[in-house]
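One-letter residues, chain by chain:
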Amino acid sequence: MAWRMLRRKDFHTGLVNLAFRKDHGAKKHFSNGTIGNLAQLHCCDRPKHSASCMPSNHFTIRNFHAGVYMLAWSQKREDVVGLKAPKREKRVKKENRTQPPVEAPYVARKPKIPRKSLPDKTVEIFDGMTLLDLSKRTGAHISTLQGILADLGEKVESEFDSISIDLAELVAMELGVNTRRMHTGEGMNEPRPAVVTVMGHVDHGKTSLLDALRQTSVAAKEAGGITQHIGAFVVEMPSGASITFLDTPGHAAFSAMRARGAAVTDIVVLVVAADDGVMPQTLEAMSHAKAANVPIVVAINKCDKSGADPERVRIQLGSEGLLLEDMGGDVQVVEISAVAKSGLDKLEEALLLQAEMMDLKARIDGPAQAFVVEARVDRGRGPLATAIVKYGTLVSGQHIVVGAEWGRIRSLRDTAGNITQSAKPAMPIEIEGLRGLPMAGDDVVVVDSEERARMLSQGRKKKQEKDRLRKIDEGMAEELEIKEETPERVEMPIIVKADVQGSVQAVTDALRSLNSAQVFVNVVHVGVGPISQHDIDLAQACGAYIVGFNIRSPPISITQAAARANIKVLLHKVIYHLLEEMGRAIVERAPGTTETQVSGEAEVLNIFELKGRSKSKGPDIKIAGCRITDGHFSKSGTMRLLRSGDVVFEGPCASLKRETQDAETIEKGNDCGLVIQDCDDFQVGDIIQCLEQVIRKPKFISTQSGSVRIEC
């Protein structure tokens, strides 16, 4: 008897149920429990014609897990207890593609660890920080930092290993991140002198006050009695205490220099003239001091003059938000006279009291941290930087990095010009031995070796170059926007030379403030020192002006070379005069804007007609007999016909005659005959206006506070 063999396949799980033939040894491998749990045994019925009903010798073993789906499929049921059979989806026939495959362009693989420049991000670094700390602050992966250190010749295996502050800065610069050095306060802290900055409006007596304090005459040496750059010196008080003073210029062009002075100072002396009161730069000095979170001591100067009114100054300062002691605040006010040397002892007491309240202390031992106040080039000694030590001790012979420049300290000089071997906190010193000229405001960093100093210098220069190119790209985008708005804008290249670096920056900023919609002031080159032949060649190549500020006159050979090349050289020692002359030059260079203005008006008194003219002379015309009531009429102008205040016609002048003679211009009070092209609709009493195209130049505006601008 033939028995059926069942072979089914579960379409949902891919499991297969097979019908096995009877195996006499199969019962040995299955227990009753196994058969009950894993398989079901089905006995197939014998055919109806069989005589006996014997158990079948074939068994069907069905997988238990697939069997539920099988039963649901076989019985056409959609659900089983605890399960739901998924619905069958319709089969969609794929379309045959007759078009050839599209060739995709090649896309280069991205680097595994991209290094993205973050010019606006600034991280704080310190000596002894671990690689993990640097990774958290910069956002770079540990492997990236280890790769950069390996390129620098340093091997750091663990992320918990500490690195020096110099290495941390090099790694951060490689990542394109700005850094701020945080020096620890570990070490012996000792009291230090206070650093006092003298601020105020121009010609309010700041330098005269310092002269009275140190019994010198610096103001007489300044051009026009105006301080042109920062001066730092130590004043020994009669009480035995010493105070470091910074004298900052009061002109508006030197606001950046005053800001640097407030950044390194402890106390600000705000000088206000009793006869002049609060001025714009007085408010600007107050804002610098408040931004730097520096306490202020007000010195009301010129109290000996006849028009002095200290009470008015107090009221003005109080109205500007300065809480004086007289009004219940904490700002001390001292009335002085620098010329009569009165009230100086009270000012000294106020400064020493403020310093005592602040409890000024600084770390003496360890590497020094200093800030450049001024920088200049000496013919015999090379680049020189005047700096004030903030922490530590600066020792002669150390390798330093100042901004992007580096060098080895060849000598240190105090404010009196004496050579010293070391400089402690709050001490202004002059550093000699740099390879290049630093910028005013740069920090002085002490490093271990010449190789490390060179690496830091190269890294900072590379970072500065990237930032410079980025700013150029942003500036070009702004220039394109300006060009879209203004059809015509000329460029005025300028070369700036000055005596010290701070003056170079101040003059450059002042000249750039003269930019307008018509003239772009482009400072192509700046330098410290006298005008050289290289400056003449560069100016000739780009057609630039040469501006010399507070420098000596160039030799005759340089002057003659500039004259032959038709190069304008402007030498000044007072910034007022420099800005005025440059403002006039910029106004002359500006193309100006074309405007239409009414040059004259006339009234129609009579109308004349010429009829019967030949073809050679043209058709009949109408002549308006007019009298000019205002301004003048020009034949090259455009004529506008007005009737009852409304414009009737506007067109060029075809003929303008006085009596029987042609005229180009007719002044007010005269009669004339006027023909407007293609116009014959004249009436007695009409008004005719003469319109002319004029070029309006921008204006150079200078205010009493010293600020200048070009107004278009």
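Given the structure is predicted, the values throughout are model-derived calculations rather than measurements. (Residues numbered from 1 in each chain as written. Predicted model: local features only at pLDDT ≥ 70, side-chain atom pairs only at ≥ 80, totals over all residues. Heavy atoms only, no water.)

### Notes on the overall build of the protein
Line of reasoning, step 1. In terms of regular secondary structure, the protein is built from 15 helices and 39 strands.
Line of reasoning, step 2. Long-range contacts, defined as pairs at least 24 residues apart, comprise 69% of the intrachain contacts of the protein with a sequence gap of at least 6.
Line of reasoning, step 3. About 40300 Å² of surface is accessible on the protein, with carbon and sulfur atoms providing 50% of the total. (Helix = DSSP H or I, 4+ residues; strand = E, 2+ residues; numbered from the N terminus. Contact = heavy atoms within 4.5 Å. Areas by Shrake-Rupley, 256 points an atom, 1.4 Å probe, with all protein chains shown as cover.)

### A word on the pairing of strand 37 (residues 687–696)
Line of reasoning, step 1. Sheet analysis places strand 30 (residues 593–610) next to strand 37, joined by 10 bridges and oriented antiparallel. For Thr594, the partnering residue across the bridge sits in strand 37 and is Ile695. (Pairing = 2+ DSSP bridges.)

### Section: empty space enclosed by the protein
Line of reasoning, step 1. Considering all chains together, one arrives at two cavities of 30 Å³ or more under this definition.
Line of reasoning, step 2. No other element matches the three residues that strand 18 (residues 382–391) contributes to the lining of the largest cavity.
Line of reasoning, step 3. Taken together, the residues of the lining of the largest cavity break down into six nonpolar, no polar and three charged.
Line of reasoning, step 4. When residues of the lining of the largest cavity are assigned to domains, at least three map to each of domain 2 (189–362) and domain 3 (364–462). (1 Å grid on protein atoms, 1.4 Å probe; cavity = no way out; pocket = protein on both sides within 12 Å on 5 of 7 lines; lining within 4 Å. Points joined across faces, edges and corners; volume = space filled by probe spheres on them. Nonpolar A, V, L, I, M, F, W, Y, C, P; charged D, E, K, R; others polar. Domains from an automatic or database assignment.)

### Side note on the confidence of the model for the protein
Line of reasoning, step 1. Looking at the protein, pLDDT values average 76 and 73% of them are 70 or higher.
Line of reasoning, step 2. With pLDDT under 50 throughout, residues 1–66 is counted as low confidence; its partners more than four residues away or in other chains account for 74 contacts. (pLDDT = per-residue confidence, 0-100.)

### Let's talk about the environment of Leu434
Line of reasoning, step 1. Within the fold, Leu434 resides in strand 24 (residues 428–434).
Line of reasoning, step 2. Among the residues examined, Leu434 registers a relative accessible area of 7% and is labelled buried. (Buried < 20%, exposed > 50% of the residue type's maximum accessible area, 1.4 Å probe, protein only.)

### Some words on the packing of helix 3 (residues 131–138) against helix 4 (residues 142–151)
Line of reasoning, step 1. Helix 4 packs onto helix 3 with a crossing angle of 115° between their chain directions and a minimal axis gap of 9 Å. Judged by the inter-axis angle, helix 3 sits roughly perpendicular to helix 4. Viewed along their axes, helix 3 and helix 4 form a crossing whose handedness is right-handed. The residues of helix 4 that touch helix 3, namely those facing Leu131, Leu132, Leu134, Ser135 and Thr138, are Ile142, Leu145, Gln146 and Leu149.
Line of reasoning, step 2. Across the contact of helix 3 with helix 4, the residue classes tally to six nonpolar, three polar and no charged. (Axes fitted to C-alpha atoms, helices over the stretch in contact; angles between N-to-C directions. Parallel < 35°, antiparallel > 145°, perpendicular 65-115°, else oblique. Left-handed = near helix turned anticlockwise from the far one by under 90°.)

### Here's the deal with the sheet that holds strand 28 (residues 545–549)
Line of reasoning, step 1. Spatially, the four strands line up as an open sheet ordered 27-26-28-29, and their pairing is parallel. Only two strands of the sheet have a single partner each, and these edge strands are strand 27 (519–528) and strand 29 (569–572). Going across the sheet, the axis of each strand differs from the next one's by a mean of 20°, ignoring polarity.
Line of reasoning, step 2. Examined bridge by bridge, strand 28 and strand 29 share four bridges and lie parallel to one another. Across the sheet, residue Gly548 finds its bridge partner in strand 29, namely Leu571.
Line of reasoning, step 3. Together, strand 26 (490–498), strand 27, strand 28 and strand 29 form the strand contacts of helix 15 (residues 575–589), whose direction differs from that of strand 26 by roughly 160°.

### Focus on unusual backbone geometry
Line of reasoning, step 1. Positioned with a positive phi, Lys302 is a non-glycine residue whose angle comes to about 60°.
Line of reasoning, step 2. As for its position among the elements, Lys302 is in the loop between strand 14 (296–301) and helix 9 (310–319).
Line of reasoning, step 3. The residue Asp678 is not glycine, and still its phi comes out positive at about 65°.
Line of reasoning, step 4. The topology assignment puts Asp678 in the loop between strand 36 (671–676) and strand 37.

### Focus: the pattern of salt bridges
Line of reasoning, step 1. According to the stated counting rule, one finds 20 salt bridges in the structure shown.
Line of reasoning, step 2. Among the ionic pairs, Glu430 bridges to Arg381, the shortest N-O distance being 3.0 Å. Of the two residues, Glu430 sits in strand 24 while Arg381 sits in the loop between strand 17 (369–378) and strand 18, which places them 49 residues apart along the sequence.
Line of reasoning, step 3. What makes Arg381 partly exposed here is its relative accessible area of 21%.
Line of reasoning, step 4. In this structure, the salt-bridge partner of Arg643 is Asp681, at a minimum N-O distance of 3.5 Å. Residue Arg643 is located in strand 32 (residues 638–643), and its partner Asp681 is located in the loop between strand 36 and strand 37; the two are separated by 38 residues in the primary sequence.
Line of reasoning, step 5. Residue classification places Asp681 among the partly exposed residues on the basis of a relative accessible area of 36%. (Salt bridge = Lys/Arg side-chain N within 4 Å of Asp/Glu carboxyl O.)

### Considering the environment of Gln683
Line of reasoning, step 1. Mapped onto the elements, Gln683 comes out in the loop between strand 36 and strand 37.
Line of reasoning, step 2. Judged by its relative accessible area of 39%, Gln683 falls in the partly exposed class.
Line of reasoning, step 3. As a C-alpha pair, Gln683 and Asn606 span 77 residues in sequence and 7.9 Å in three-dimensional space.
Line of reasoning, step 4. When residues no more than four places from it in sequence are discounted, the contact partners of Gln683 are Val604, Ile607 and Arg643.

### Observations concerning the pairing of strand 33 (residues 646–658)
Line of reasoning, step 1. Taken together, the six bridges between strand 32 and strand 33 define a ladder with antiparallel strand orientation. For Leu642, the partnering residue across the bridge sits in strand 33 and is Val647.
Line of reasoning, step 2. Where strand 32 folds back onto strand 33 in an antiparallel hairpin, the turn is made up of two residues, including Ser644, whose phi is positive at roughly 60°.
Line of reasoning, step 3. Alignment of strand 33 against strand 36, held across four bridges, turns out to be antiparallel. Across the sheet, Lys657 pairs through a bridge with Gly673, a residue of strand 36.
Line of reasoning, step 4. Sheet topology note: the strand 33/strand 34 (residues 661–662) ladder contains two bridges and is antiparallel. Each bridged residue has a counterpart across the sheet, and for Arg658 the counterpart in strand 34 is Gln661.
Line of reasoning, step 5. What sits between strand 33 and strand 34 in their antiparallel hairpin is a turn of two residues, with Glu659 showing a positive phi close to 60°.

### Here's the deal with helix 10 (residues 344–358)
Line of reasoning, step 1. The terminal C-alpha atoms of helix 10, which comprises 15 residues, lie 21 Å apart, in line with the 21 Å expected from a rise of 1.5 Å per residue.
Line of reasoning, step 2. Residues Leu344, Leu347, Glu348, Ala350, Leu351, Gln354 and Ala355 constitute the buried set of helix 10. Take helix 10 and look down its axis: the buried residues cluster within an arc of 160°, on one side only. The exposed residues of helix 10 that point more than 90 degrees off its buried face are Lys346, Glu349, Glu356 and Met357.
Line of reasoning, step 3. Of the surrounding elements, those touching the buried residues of helix 10 are strand 10 (194–200), helix 6 (206–214), strand 12 (242–247), strand 13 (267–273), strand 14 and strand 15 (332–335).
Line of reasoning, step 4. Immediately downstream of helix 10, the backbone of Asp359 shows phi near 50°, a positive value. (Expected span 1.5 Å × (residues − 1). Arc of directions from axis to C-beta.)

### Some details on the side chain of Glu405
Line of reasoning, step 1. Along the polypeptide, Glu405 turns up in strand 21 (residues 405–413).
Line of reasoning, step 2. Looking at Glu405, the relative accessible area reads 16%, which means it is buried.
Line of reasoning, step 3. With residues near it in sequence (within four places) discarded, Glu405 still touches Ile400, Arg435, Gly436, Leu437, Pro438, Ser457 and Lys461.

### Considerations on the state of the cysteines
Line of reasoning, step 1. In this structure the tally under the stated criterion is zero disulfides.
Line of reasoning, step 2. Cys690 takes part in no disulfide bond, and the closest cysteine sulfur to it belongs to Cys653, at a distance of 7.7 Å. (Disulfide = S-S within 2.5 Å.)

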